[in-house]
Amino acid sequence: MLTVAEAVARCPLFDGLPRRYQELIAGCARFVRFDADVAIFLEGQPADRFFVLREGRVTLEVFSPERGRIVVQTLGPGDALGWSWLFPPYRWHLDAMARERVAAVAFDGACLRGKCHEDHLLGHLLMERFGDLMLQRLQATRLQLLDVYAHGSR
Amino acid sequence: MAAAEPDFLTPRPARVLSRRRETRESVTIALEAAGEAWLPGQFNMLYAFGVGEVPISISGDPGRPDRLVHTVRSVGMVSEALCRLRPGQWVGVRGPFGSTWPLAAARGRDVLLVAGGVGLAPLRPVVSELCRHRPDYRRVTLLYGARAPGDLLFRRELERWGHRVDVLVTVDRAAPGWTGDVGVVGSLLPRAAFDPEGGVAMVCGPEVMMRFALADLRRLGLAERAAWISMERNMHCAVGLCGHCQLGPAFVCREGPVFRADAVAWALGVREV
Amino acid sequence: MRTLPAARLGDLVAALRRRGWRVIGPVLREGAVTYGEVESAADLPRGWTDRQDAGTYRLERDPRDLFFGFTLGAQSWKPFLFPPRLRLWSAERDEGGSFEVRGEREEAPMQAFLGVRPCDLAAIAVQDRVFLRGDHTDPDYRRRRERAFLVAVTCGQAAATCFCTSMGHGPRARSGFDLALTELRDDAGHRFLVEAGTERGAELLAELPTRPARPGDRQGAERLAAATAGQITRRMPAGIAGVLRDSYAHPRWDEVAVRCLACTNCTLVCPTCFCMAVEDTTDLTGAAHRDRRWDSCFTAGHSYIHGGSVHASTASRYRQWLTHKLSTWVDQFGTSGCTGCGRCIAWCPAAIDITEEAAAIAASPGGTRC
């Protein structure tokens, strides 16, 4: 059975951090599970934690009156889920639905923010990693917007 | 007027054997073959009588040499005419031309195929070969991205292939009823069973998509000489004489369309080349 | 080597015609020297010379009164080996909906080119490498080339636009011809030094009223060639092929694009440009035709794909032309695509000078574009 600390060490997001920091982070973490078709979080709710997925897929969705549920992105094992816990007003911007049974490591947002305030180096290292992930996500989103497969998009 | 001397600019008539609509925009047609030997990655110039001629990759199974299969996307006058062909009608064929996907180099290695949109068509012969000779390769994964669910090609085969190789599919935008992944094809990379050290990647799709995919592969640690892409340029003669398809010193119809990434990475990084 | 009295130049024309060659040579038309059918020596532009510079071409009377006193005109020999328009085949549908393609196989004409400048002779050799490659030989070019008789002529004067010497050629042809003429006019008289370069050249030469060349004739020819070389002012920078390979982002491309009209004149007058468009048409009877015609990388349509042109800007088109001509041509065919004839300089309406552009880029290689 994997401990939380071992699971945290295996997260791509925390890979390579000094051991003491991985343990510090693990102190804010615990295992969670969701059944299929359960809402992990909904737009507008307080964003107090984030997740690193271990099993199963999650869809990020927007609900619109005319079109219903629209999936804008699918995340899978290894992906980090949730940024809104980082910045005020700490509210979710999208819905996250468990597409199937999901196992994840959940991190308490307030706990982690507190530890970053105490240890600025930890804060810096985490911001670097989150920043890089956000950059990749932004690039991917831009590429989606480019609609490269549509004809005559030049 | 004498009968035409065999000439590389002279098409031979070929009968259309079958036609299948793939998507709103694309059609797969099978033509009667005439014994031409071809390899995955190559293309034919298809001539719609009186309308014109365009290069179309061969998208069929190399194990079925009796037919020449092409998946045509309707983007202009000629491709539209080709998409409207019915079995029993005739089309002109010149070819096969061009370079080929590196199946031999991939033997004994992990293989990663990254296809975007209609780019899956030129890779389909590769998938057929990989499935047919599955033990010759290590882990094989196909990552396929399209605009929307309605634009996915070869949906039944995707399922069949899934029995022999890993197939991961995603769309840029979902449609009602779609339960598959949503996002760019690069986001599927972390889930591919692929060792960048020793593995071989083949990427095919719009140039922007290939550029981004190569960046993702580089990030993964794959050397540029282990990745291959398929380029497209305006073609008239398909034999390196008319000058249109030049990509720097290379003629895409002769040195391509399949290029090793390190040979053309410079061109992808320069605008309007 | 032999010498032929200038007054007997017509005998060369007659001998060629007797053997079935259609003689093409320099003629005056519309204020310029161009190439057309020559039936006798009287058709040649005797007593005329040209004054050329960037964007400039003028004919002037020449006091030397020579047959080949001009340098060269707008046209090269390219249209005679690589016609601007060629019907490749026609086809008709049958009742079953199939079709049969019929080639248009006219006999290729027997053409004798009278007065091929060494730069143009080199250009023919450059096009031979393009069209007569092992894997895909152009059958029309091959037929016309086999039935072409080449009479080279040494240059007795250089135009301001010439730069053959820095391209590895010079005012006097050394090989690649059936016959070579050097026009001499001095105390020893007005005559042509004639050399044969092939067996069929020698056979024709034997029919002409020549006498053996004297040391004075040979020396006169050498001196003439040296004097002409001395008149050349323009030059192509050495190593330009390598420089251009790394200059795709050079700011000079944007600079020349302000001046370049993308009018395609340079590609039309260039003796080596070979881009061709394949056109499929139908006529009112329902027959389909495929034609081949000259194309130019300066057009928007040249790089058209998927609803747009890869070379959308004039800068990228000029870059494509120059880089191909002076650099990637070497990778493709083993020689430079340019032979220094200077036509593109004379006939550019914007007076853009290929040697000046190349020098500007060579002066600051690489160049970064922000």
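Residues numbered from 1 in each chain as written. Chains lettered and ligands numbered in written order. Predicted model: local features only at pLDDT ≥ 70, side-chain atom pairs only at ≥ 80, totals over all residues.

## Notes on the overall build of chain B
When helices and strands are counted, chain B shows six helices and 15 strands. Since a compact globule built from 273 residues should have a radius of gyration of about 19 Å, the 18 Å found for chain B is in line with a globular shape. By its C-alpha atoms, chain B is 60 × 45 × 35 Å across when sized along the principal axes. Counting only residues that meet the buried cut, chain B has 57% of its 273 residues in that class. (Helix = DSSP H or I, 4+ residues; strand = E, 2+ residues; numbered from the N terminus. Rg over C-alpha atoms; globule rule 2.2 N^0.38 Å. Buried ≥ 20, exposed ≤ 12 C-beta atoms within 10 Å, placed from the backbone.)

## A word on the overall build of chain C
Check the secondary structure of chain C and you find 12 helices and 16 strands. For chain C, the C-alpha radius of gyration of 22 Å lies close to 21 Å, the compact-globule estimate for 370 residues. With respect to the principal axes defined by its C-alpha atoms, chain C has extents near 65 × 65 × 40 Å. Counting over 370 residues, chain C shows a buried share of 47%. Pairs at least 24 residues apart make up 72% of the contacts formed inside chain C by residues separated by at least 6 positions. (Contact = placed C-beta atoms within 7 Å.)

## A look at unusual backbone geometry
In this model, G95 of chain B is joined to P96 of chain B through a cis peptide bond whose omega is 5°. Its location among the elements puts P96 of chain B in strand β6 (residues 90-97). Here the bond from G256 of chain B into P257 of chain B is cis, since omega is 10°, no more than 30 degrees from zero. Within the secondary structure, P257 of chain B is located in the loop between β14 (250-251) and β15 (258-260). Positive phi outside glycine occurs at D147 of chain A, with the angle close to 55°. Inspection of the secondary structure assignment puts D147 of chain A in the segment after α4 (120-146). For E30 of chain C, which is not glycine, the phi dihedral falls at a positive 50°.

## Topic: the nonpolar core
Membership of the largest hydrophobic core comes to 198 residues, with the highest contact counts inside it found for L113, L143, A201, V203 and A227 of chain B together with V151 and A152 of chain C. For this core, the element with the most residues is helix α3 (residues 118-131) of chain C, which contributes seven residues. Sequence-distant contacts of A152 of chain C, that is, excluding residues within four places in its chain, are made with V116, P118, L121, A173, F177, A180 and L181 of chain C. I40, A47, F50 and A98 of chain A belong to the second-largest nonpolar core, a separate cluster that totals 29 residues. (Core = buried A, V, L, I, M, F, W, Y, C linked by C-beta atoms within 7 Å.)

## What to know about the interface of chain C and chain B
Across the contact, 38 residues belong to chain C and 36 residues belong to chain B. Of all the secondary structure elements, the ones that give two or more residues to the side of chain C that touches chain B are β6 (85-93), β7 (99-103), β13 (276-282), β15 (304-305) and α10 (314-333) of chain C. Looking at the side of chain C that touches chain B residue by residue, the classes come out as 17 nonpolar, 14 polar and seven charged. (Nonpolar A, V, L, I, M, F, W, Y, C, P; charged D, E, K, R; others polar.)

## Digging into the environment of C297 of chain C
Residue and element names in this part refer to chain C. Summarising the element assignment, C297 is placed in the loop between β14 (288-294) and β15. Measuring from C-alpha to C-alpha, the distance between C297 and T228 comes to 33 Å, with 69 residues separating the pair along the chain. When sequence neighbours within four positions are dropped, the list of residues in contact with C297 reads T267, C275, H302, R317, Q320 and W321.

## Quick look at the sheet that holds β14 of chain C
All names here are of chain C. Strand order in the open sheet formed by four strands is β7-β6-β14-β13, and the pairing between neighbours is antiparallel. Each edge of the open sheet is held by one strand with a lone partner, namely β7 and β13. Between one strand axis and the next, the sheet turns by 20° as a mean value, whatever way the strands run. Where β6 lies against β7, five bridges are found, and the strand directions are antiparallel. Each residue of the ladder has a partner; that of A91, found in β7, is V101. (Pairing = 2+ DSSP bridges. Axes fitted to C-alpha atoms, helices over the stretch in contact; angles between N-to-C directions.)

## Here's the deal with the domain arrangement of chain C
All names here are of chain C. By the assigned domains, chain C splits into domain 1 (2-87 + 108-231) and domain 2 (240-276 + 296-363). For domain 1 versus domain 2, the distance between C-alpha centres works out to 27 Å. Counting only elements with at least two residues in the side of domain 1 that touches domain 2, the list comes to β5 (56-61) and α3. With eight residues, α3 is the largest single contributor of residues to the side of domain 1 that touches domain 2. Its residues placed into classes, the side of domain 1 that touches domain 2 shows 16 nonpolar, eight polar and three charged. (Domains from an automatic or database assignment.)

## A few points about the pairing of strand β3 (residues 43-48) of chain B
All names here are of chain B. Taking burial as the measure, the six residues of β3 include six buried ones, the bulk of the element. Of the two faces of β3, the one lined by F43, M45 and Y47 and the one lined by N44, L46 and A48 are each fully buried. The pairing of β3 with strand β4 (residues 52-57) spans six bridges and is antiparallel. The residue bridging Y47 from the neighbouring strand is E53, located in β4. The loop that links β3 with its antiparallel partner β4 comprises three residues; one of these, G50, has a positive phi angle of about 75°. Two elements, β3 and β6, share four bridges in a ladder whose sense is antiparallel. Across the sheet, the residue bridging to F43 is F97, located in β6.

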